[in-house]
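# What the coordinates show
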Amino acid sequence: MSTMTTIAGQLDAKGLKVAIVATRFNDFIVDRLVGGAIDYLERHGLEKENVTLVRIPGAFEMPLICQKLAASGKYNGILALGAVIRGGTPHFDYVCAEASKGIAHTMMEHNMPIGFGLLTCDNIEQAIERAGSKAGNKGVEAAAAMLETIRVMEQL
Ligand code: INI
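This write-up is about the structure you can find in this document.

### Describing the sheet that holds strand S4 (residues 114-121)
- Taken in spatial order, the four strands line up as S2-S1-S3-S4 in an open sheet, and their pairing is parallel. Sheet topology places strand S2 (51-56) and S4 at the edges, where each strand pairs with a single neighbour. The mean inter-strand angle of the sheet, taken between neighbouring strand axes irrespective of direction, is 15°.
- Bridge count between strand S3 (residues 77-85) and S4: eight bridges; the pairing is parallel. Looking across to S4, one finds that Val84 is bridged to Thr120.
- Along the sheet, helix H3 (residues 91-110) contacts S3 and S4; its crossing angle with S4, the most-contacted strand, is approximately 170°.

Set out below in C-alpha cells:
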C-alpha cells in the first residue's frame, strides 16, 4: 500500500535571518505587535542579532520596503507589522488595498515568506483587542505564520 507524503514546517527559528518592517503610524498599537513577534521568535530559537527592525512611515510604504528587503537576499523571511484604522474618508480603503496587494505581489515575485501582520480595523478598540488583549496578538500570529512558511518552503 502506498503512503502519503506530508510536508509540514517545524517552528524552529534557529539560524534564520528575519527583517521586521514596522510602521510609525499608530505606533502605540504597532509596538505591541513588534514586542509580541520578537518575543515569540526568540522563544523559538531566533538569535536577536539575526533580527533587523525597519521603521517606516505607514502601511502604504510597506510594499516598497518589503520588496527592497526581499531583493537584498539577506533574509529568510520578512514580517510586516502595522495598523490601519478607518477614519472619516475613503483613505483607509486605498491604504489597505495597496499594502495587502503589494505585499502579496512581493511574496510571489521574490519567493519570500512575508508574515502579514497588518491590522485593518474599523476603530481603535478593534486594534487594541488584536494587539495583545482580548483577540490575542496578531504580531505573534504573523510571526508564527512566517516561520512555518519558511520551513515549509525549504522542503518544496
Ligand atoms: N498609515 C497607516 O499605517 N495606518 C493608518 O491608519 C493610516 N491612516 O489612517 O491614514 C495610514 N496612512 C498613512 C499612509 O500609510 C502613508 O504613510 C501616507 O499616505 C504617506 O505616503
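Still more ground to cover, so stick around.
### Some thoughts on the site of the ligand
- Residues in close proximity to the ligand include Phe25, Asn26, Gly58, Ala59, Phe60, Glu61, Ala83, Val84, Ile85, His91 and Val95, which together make up its full environment.
- Measuring from an oxygen atom of the ligand, one finds a side-chain N or O atom of Glu61 at 2.5 Å.
- Taking His91, its side chain carries an N or O atom lying 3.2 Å from an oxygen atom of the ligand.
- Here the ligand has 460 Å² of accessible area as a free molecule, and 75% of this is covered by the chains.
- If you map the ligand onto the pockets, it falls in the largest pocket.
- The set of elements that each furnish at least two residues to the shell around the ligand consists of S3 and H3.
- Looking at which element gives the most residues to the shell around the ligand, the answer is S3, with three residues.

Reading the values: rules and limits
- Residues numbered from 1 in each chain as written.
- Predicted model: local features only at pLDDT ≥ 70, side-chain atom pairs only at ≥ 80, totals over all residues.
- Heavy atoms only, no water.
- Pairing = 2+ DSSP bridges.
- Helix = DSSP H or I, 4+ residues; strand = E, 2+ residues; numbered from the N terminus.
- Axes fitted to C-alpha atoms, helices over the stretch in contact; angles between N-to-C directions.
- Contact = heavy atoms within 4.5 Å.
- Near = heavy atom within 4 Å.
- Polar contact = N/O pair within 3.5 Å; in protein donor to acceptor, adjacent residues only side chain to side chain.
- Areas by Shrake-Rupley, 256 points an atom, 1.4 Å probe, with all protein chains shown as cover.
- 1 Å grid on protein atoms, 1.4 Å probe; cavity = no way out; pocket = protein on both sides within 12 Å on 5 of 7 lines; lining within 4 Å.
- Sits in = over half its atoms within 2 Å of the grid points.

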